[in-house]
Amino acid sequence: MSEIAEEVLTPAPETTAAPKPTRKKSAKQEVSLIDGVRNWQDVVPQIRELKEAGATVPEIAEKLELSYVLVNQVMVQSYKMCVDTIGVFERQEKMRLGIE
């Protein structure tokens, strides 16, 4: 007689769906909500300090969460640039904080 190997079948473990990827808030976003609305008069000295430290306009804009146009306006201070700097800053602050 030949021996037939008996195979024991075990049920496969239940597979659970992989968790949905979630986007974590960056530290930058969390700090923004804590800081609240900034004043333009307080931001301008920070821009100048970073510029003196050797940072470029795009780096400053990213670090302070400002648009390139606003940072460049402070750096250049040209009569050719017609930007309502304070109005643009206030609008961007509201957008940054999700107020509007």
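Keep in mind that what you see is a predicted model, and the values were worked out from it rather than measured.

All chains considered together, the criterion is met by 1 aromatic pair. Measuring from centroid to centroid gives 5.0 Å for Trp40 and Phe89, while their planes differ by 50°, and the two rings are tilted. Here Phe89 lies in helix 5 (residues 85–97) and Trp40 lies in helix 2 (residues 40–52), a separation of 49 residues in the sequence. In this structure, Trp40 and Phe89 share a single accessibility class: buried.

Let us look at unusual backbone geometry. The phi dihedral of Glu65 is positive, around 55°, even though this residue is not glycine. By secondary structure assignment, the location of Glu65 is in the loop between helix 3 (57–64) and helix 4 (68–76).

Trp40, Val43, Ile47, Ile60, Leu64, Leu66 and Val71 are the most contacted members of the largest nonpolar core, which has 15 residues in total. Of all the elements in the fold, those that place two or more residues in this core are helix 2, helix 3 and helix 4. Excluding residues that lie within four positions of it along the chain, Leu66 makes contacts with Arg38, Val43, Ile47, Ala61, Val71, Phe89 and Gln92.

Below, the discussion takes up helix 5. Taking 1.5 Å as the rise per residue, helix 5 with 13 residues should run 18 Å; its terminal C-alpha atoms sit 18 Å apart, in good agreement. Of the positions making up helix 5, those classed as buried are Thr85, Phe89, Glu93, Arg96 and Leu97. Buried residues in helix 5, looked at end-on, bunch into an arc of 85°, giving them a common side.

How each quantity is defined
- Residues numbered from 1 in each chain as written.
- Predicted model: local features only at pLDDT ≥ 70, side-chain atom pairs only at ≥ 80, totals over all residues.
- Heavy atoms only, no water.
- Phe/Tyr/Trp six-rings, centres within 6.5 Å; stacked < 30°, edge-to-face > 60°.
- Helix = DSSP H or I, 4+ residues; strand = E, 2+ residues; numbered from the N terminus.
- Buried < 20%, exposed > 50% of the residue type's maximum accessible area, 1.4 Å probe, protein only.
- Core = buried A, V, L, I, M, F, W, Y, C linked by side-chain atoms within 4.5 Å.
- Contact = heavy atoms within 4.5 Å.
- Expected span 1.5 Å × (residues − 1).
- Arc of directions from axis to C-beta.

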